[in-house]
Amino acid sequence: MSLDSNTHKTLNQVLTSKLTSINQFFLHARMAKDWGLDALDATFYKKSIKDMKHADDLMERIFMLGGLPNLQKLDRLHIGENAPEMLTCNETFLNGQHAVIKAAIAECESEQDYVSRDLLSQVLEYEEDIIDWHETQQSLIKDVGLQNYLQSQTGATK
């Protein structure tokens, strides 16, 4: 693979998405913690930490390819003002991130960079699980009602 390939640019786009995700999920975690929603706090916090690990892996790959990771760029954060809004904002962000990662996988495939493709495929698998979790939370709110859902997120019913 040549150094003038689009792989550096592609991996940096995913890195930007991951850095944005770290901030969004970390802020949502701390908001949930402040509201006493311990289960949401734990899930959002875990997601932000996993995103840091993904960002680290992406940075290492970019360095390995002779590029320079761009840590200065962030996309717009989608911040909710209550638990349902946070879930909706996260789901919107995650669906956009999903598209970025899928496009990056296709680009790596066309550049015949199978190591980067495999790295991104692992990231995509994790993101799909998180999207599914968010969709499940939205369904739970509809099925059990907001108050029961919020009570279930306090950790008091464990």
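Here the structure is shown first, and the text comes after it.
These numbers come from a predicted model, not from an experiment.

## Looking at the overall build of the chain
- A tally of helices and strands in the chain yields 5 helices and 0 strands.
- C-alpha extents for the chain along the principal axes are approximately 55 × 25 × 25 Å.
- Element-wise, carbon and sulfur atoms account for 51% of the exposed surface of the chain, whose accessible area totals about 8,500 Å².
- Here the chain contributes 15 positively and 24 negatively charged side chains, and the mean placements of these two sets differ by 3 Å.

## Some thoughts on unusual backbone geometry
- For Q112, which is not a glycine, the phi torsion comes out positive at approximately 60 degrees.
- Along the chain, Q112 turns up in the loop between α3 (83–110) and α4 (114–144).

## Quick look at the nonpolar core
- Counting residues in each nonpolar core, the largest one holds 18 residues, and the members touching the most others are L37, L40, F44, L87 and Y149.
- Of all the secondary structure elements, the ones that give two or more residues to this core are α1 (7–34), α2 (38–64), α3, α4 and α5 (146–152).
- Broken down by element, this core gets its largest block of residues, 5 residues, from α3.
- Beyond its immediate stretch of four places on either side in the chain, L37 contacts A32, A83, L150, Q153 and T154.
- The next biggest cluster of nonpolar side chains, apart from the first, holds 17 residues, and it includes L11, V14, A55 and I62.

## Side note on the packing of aromatic side chains
- Enumeration according to the criterion identifies 3 aromatic pairs in this entry.
- Their ring planes at 50 degrees and their centres at 6.1 Å tell us that F26 and Y45 sit as a pair that is tilted. Here F26 is found in helix α1, whereas its partner Y45 is found in helix α2, with 19 residues between them in sequence.
- For the ring pair F44 and W133, a centre distance of 6.2 Å and an interplane angle of 85 degrees mean the geometry is edge-to-face. Pair noted here: F44 is in helix α2 and W133 is in helix α4, with a separation of 89 residues, a long-range link.
- We classify W133 as partly exposed; its relative accessible area is 22%.
- An aromatic cluster is defined as three or more aromatic residues linked by ring pairs; in this entry it consists of F25, F44 and W133.

About the thresholds
Residues numbered from 1 in each chain as written. Predicted model: local features only at pLDDT ≥ 70, side-chain atom pairs only at ≥ 80, totals over all residues. Heavy atoms only, no water. Helix = DSSP H or I, 4+ residues; strand = E, 2+ residues; numbered from the N terminus. Areas by Shrake-Rupley, 256 points an atom, 1.4 Å probe, with all protein chains shown as cover. Lys, Arg positive; Asp, Glu negative; His and termini not counted. Charge placed at Lys NZ, Arg CZ, Asp CG, Glu CD. Core = buried A, V, L, I, M, F, W, Y, C linked by side-chain atoms within 4.5 Å. Buried < 20%, exposed > 50% of the residue type's maximum accessible area, 1.4 Å probe, protein only. Contact = heavy atoms within 4.5 Å. Phe/Tyr/Trp six-rings, centres within 6.5 Å; stacked < 30°, edge-to-face > 60°.

In short, the description is geometric, and any link to function would need to be established separately.
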